[in-house]
Amino acid sequence: MKVLMIAPPGAGKGTQGRLIAGHFGVPHIATGDLLRDHVTRETELGLEIRQFLDRGELVPDEVVLEMVRGAFEQARGGGYVLDGIPRTMEQARALYDIAVELDMTSQVALHLQVADAELVRRLLTRAAEQDRSDDTEEVIQRRLELYYEVTHPILDWYGERGILVSVDAMRPADAVGRQILTTLTVMQQMTDADPDVTRRPIDLTGLGAAFGAEASEDVR
Ligand code: ADP
């Protein structure tokens, strides 16, 4: 399974990314984790990266793309779950070029939808539990702003490519996870049978009730 995730901060990419990776036995490539690892190890690059993370700004494209290329080369021939990239249209195009070169283009672009008020609530809860320098109210607002400005618009591109699946991620993590695994299993069978199949974007956000909870109405 080759899947990338697009979602605002706090939507649950990390939780669902780990679940997908474990289920399909593929690496979970999370750009935020790779970047924070550099900061923790205090590498030269880490010192530079920290300036961006602390302000909620995006790290320069060449830094993240280089990391992802390395991770893709290690995962070559198999699947992956990409978490945190692409975040801009430029990254989406560059990532696509790398994936074409390594014969690893994504089968699914998974979009997790969550309303802003819930995102802020989750991120502030996480701030109280973990020590992430970017989970302060001011930096969270900046990360959300950037998401809607430069990341959210990429979804249309995946829609046009026919690999977009949107899921209502307002529900409890296990219900969201069940829906994701079911959907990915079906998508995998479809794309394995016919990799060139042209599909329309799939919107499952109204299906929440079938997976154990009421669908939420106030998601963007
Ligand atoms: P979240 O999506 O919850 O904000 P992440 O752990 O994915 O958390 O990312 C944390 C930070 O790492 C981002 O705010 C950004 O500064 C940086 N970052 C992660 N991925 C990228 C990327 N693809 N391009 C640029 N910066 C990135």
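The structure we're discussing is the one just above.
Now for a quick tour of the structure.

### Quick word on the sheet that holds strand β6 (residues 202-203)
Strands sit in the order β2-β3-β1-β4-β5-β6 across an open sheet of six strands; the sheet is parallel. The sheet is open, and its two edges are formed by β2 (28-30) and β6, each paired on a single side. In this structure, β2 lies alongside strand β3 (residues 80-83), joined through three bridges in parallel fashion. Within β3, the position partnered with A30 by the bridge is D83.

### Observations regarding the site of the ligand
With respect to spatial proximity, 20 residues lie near the ligand, and among them T31, E57, R87, Q91 and R143 are the closest. Between an oxygen atom of the ligand and a side-chain N or O atom of K13, the distance comes to 2.9 Å. Here Q91 contributes a side-chain N or O atom positioned 2.8 Å from a nitrogen atom of the ligand. Burial of the ligand by the surrounding chains reaches 96%, relative to a free accessible area of 540 Å².

### Quick notes on empty space enclosed by the protein
This structure, assessed with the given rule, holds two cavities of 30 Å³ or more. Elements represented by at least two residues in the lining of the largest cavity include exactly β3, α5 (89-101) and α8 (154-161). If one sorts the elements of the lining of the largest cavity by residue count, α5 sits on top with four residues. A breakdown of the residues in the lining of the largest cavity according to their chemical character gives nine nonpolar, two polar and one charged.

### Here we look at the pattern of salt bridges
Within this structure, the stated rule accounts for 14 salt bridges. In this structure, D135 and R126 form a salt bridge, with 2.8 Å as the shortest nitrogen-oxygen distance. With its nearest N and O atoms 3.7 Å apart, the salt bridge here joins R143 to D134. Given the relative accessible area of 8%, D134 is considered buried. Residues participating in the shared-partner salt-bridge network are R126, R132, D134, D135 and R143.

### Brief notes about the pairing of strand β5 (residues 164-168)
Of all five residues in β5, five are buried; the element is thus mostly enclosed. Residues L164, S166 and D168 point to one face of β5 and V165 and V167 to the other, with burial holding for every one of them. Across five bridges, strand β4 (residues 108-113) lies against β5 in parallel orientation. Considered in β5, the bridge of A109 is made with L164.

Calculation criteria
Residues numbered from 1 in each chain as written. Predicted model: local features only at pLDDT ≥ 70, side-chain atom pairs only at ≥ 80, totals over all residues. Heavy atoms only, no water. Pairing = 2+ DSSP bridges. Helix = DSSP H or I, 4+ residues; strand = E, 2+ residues; numbered from the N terminus. Near = heavy atom within 4 Å. Polar contact = N/O pair within 3.5 Å; in protein donor to acceptor, adjacent residues only side chain to side chain. Areas by Shrake-Rupley, 256 points an atom, 1.4 Å probe, with all protein chains shown as cover. 1 Å grid on protein atoms, 1.4 Å probe; cavity = no way out; pocket = protein on both sides within 12 Å on 5 of 7 lines; lining within 4 Å. Points joined across faces, edges and corners; volume = space filled by probe spheres on them. Nonpolar A, V, L, I, M, F, W, Y, C, P; charged D, E, K, R; others polar. Salt bridge = Lys/Arg side-chain N within 4 Å of Asp/Glu carboxyl O. Buried < 20%, exposed > 50% of the residue type's maximum accessible area, 1.4 Å probe, protein only.

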